[in-house]
Amino acid sequence: MTLLKERLTAEDGLYLLTKEDLHVVQELANQKRKARVGDIVYYASTMHINPTNLCELNCPLCSFYAKPGWKKAWFLTPEEIEAKIRENLHKGLTEIHVVGGLWRDCDLDYYKELFTRIKSIDQNLHIKALTPVEYDFLAKLHDISVEEVFDRMMSWGLGSLPGGGAEILTEEIRKKIAPGKITSDRYLEIHKIAHRKGLRSNITMLFGHIEEPEDIITHLMKVREVQDETGGFQTFIPLKFHVENNTLGKRQDRLKPKDVRRIYAVSRLMLDNVRNIKVLWNYVGLDEAKEILEWGANDIAATTLDEKIIKMAGGTTLQMTDELLENTISSIGRIPKKIHSGYDYCKDDCLS
Ligand code: SF4
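Residues numbered from 1 in each chain as written. Predicted model: local features only at pLDDT ≥ 70, side-chain atom pairs only at ≥ 80, totals over all residues. Heavy atoms only, no water.

Enquirer: Outline the overall build of the protein, listing residues and values.
Expert: Along its length, the protein carries 14 helices and ten strands. A compact globule built from 352 residues would reach a C-alpha radius of gyration of about 20 Å, and the protein, at 19 Å, matches this within 12%. Expressed as lengths along the three principal axes of its C-alpha atoms, the size of the protein is roughly 55 × 40 × 35 Å. Taking all 352 residues of the protein together, 59% fall into the buried category. Where the 49 positive side-chain charges of the protein centre and where its 53 negative ones centre are 1 Å apart. (Helix = DSSP H or I, 4+ residues; strand = E, 2+ residues; numbered from the N terminus. Rg over C-alpha atoms; globule rule 2.2 N^0.38 Å. Buried < 20%, exposed > 50% of the residue type's maximum accessible area, 1.4 Å probe, protein only. Lys, Arg positive; Asp, Glu negative; His and termini not counted. Charge placed at Lys NZ, Arg CZ, Asp CG, Glu CD.)

Enquirer: Outline the packing of helix H3 (residues 78–88) against helix H4 (residues 108–121), supporting the account with residue identities and numerical values.
Expert: Running from amino to carboxyl end, H3 crosses H4 at an angle of 25°, the nearest separation of the two axes being 9 Å. Taken together, the axis directions place H3 and H4 in an arrangement best described as roughly parallel. Handedness of the H3/H4 crossing: right-handed. Touching Pro78, Glu79, Ile81, Glu82, Ile85 and Arg86 of H3 are Tyr110, Glu113, Leu114, Arg117, Ile118, Ser120 and Ile121, all from H4. Partitioned by chemical class, the residues of the contact of H3 with H4 number seven nonpolar, one polar and five charged. (Axes fitted to C-alpha atoms, helices over the stretch in contact; angles between N-to-C directions. Parallel < 35°, antiparallel > 145°, perpendicular 65-115°, else oblique. Left-handed = near helix turned anticlockwise from the far one by under 90°. Contact = heavy atoms within 4.5 Å. Nonpolar A, V, L, I, M, F, W, Y, C, P; charged D, E, K, R; others polar.)

Enquirer: So what's going on with the site of the ligand? Residues and values would help.
Expert: The ligand sits among Cys55, Leu57, Asn58, Cys59, Cys62, Phe64, Tyr65 and Lys181. Of the residues in the shell around the ligand, the class split is six nonpolar, one polar and one charged. (Near = heavy atom within 4 Å.)

Enquirer: Please give an account of empty space enclosed by the protein that cites residues and values.
Expert: A complete count under the given rule lists two cavities of 30 Å³ or more for this structure. As for the second largest cavity, its lining consists of Gly101, Leu102, Trp103, Cys106, Tyr111, Leu130, Glu134, Phe137 and Leu138. Among the elements that line the lining of the second largest cavity, the one with the most residues is helix H5 (residues 132–142), at three residues. For the lining of the second largest cavity, the per-class residue count stands at seven nonpolar, one polar and one charged. (1 Å grid on protein atoms, 1.4 Å probe; cavity = no way out; pocket = protein on both sides within 12 Å on 5 of 7 lines; lining within 4 Å. Points joined across faces, edges and corners; volume = space filled by probe spheres on them.)

Right, dumping it as structure tokens:
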């Protein structure tokens, strides 16, 4: 196989995922990463805002949601969120990442006030907000199109979309792990609408639950297809499923670190048209994130402030600083670069 010259087929991907020697897969992914994006490793300083964990759904994969009256439920007003951001501004924030449950009190009026307040703190704070699942919910709530939702949100300061809610883009699995969520086609269509509006987005893949290798390859092929059409994905983020505090996790924890690394490497190799592959250090731990930078990744996520979704599912809770992330990146001979999601990657000196 001349892997670095030709576009891989689904069959190639499946072979790399299930049969090829692990060292060969790593070597190829590392070569591909170097050729595609060079040695720079990105990170950001992100404050996570989850306005509420109240949600109309109760997805089996979710450790985050609550129902009214539950002890773990919360709802933050835009005013309270503004105060939280102001408290943390001195920590070098570059972006605000907003996602939450599907809840009718978080409607367009709520987001108008929230985004306006964020921009009043600092016009340069990048707002990366809401998943396609939430945009679909808002469109239905207000009986308007998703296009109209984007138009309004952009006029209030929306800068880009995070990548959540993708799970696995095959209906059979999706129906089991998140039965109430929009279909794969609808999920991708909303990304395409965002891209056509000039917004860029990230996209995740949740693996390590009940999916088969074929489902992972289907997911990667669908992402690649959309990217061929729009070019709007800026980062792909594989996420290993966390087993704590959700009904699905009670049965599953089957992947070893080498399996997880292989999935990052195969993502780099299959997604020849997506520039950035991100590993979330707070998902896999800092040491493992450093390792995965040698398996095709070129982004180690952020000095994350106030992140709740991953913590509630059992993720790492280490207090991260710019210095620690930069030292981690430099220790493997790579070059740290602090950015936010509105960053123009083309400014970097790379071969793409
Ligand atoms: S995954 Fe999202 S939509 Fe599903 S229950 Fe959790 S918060 Fe609600």
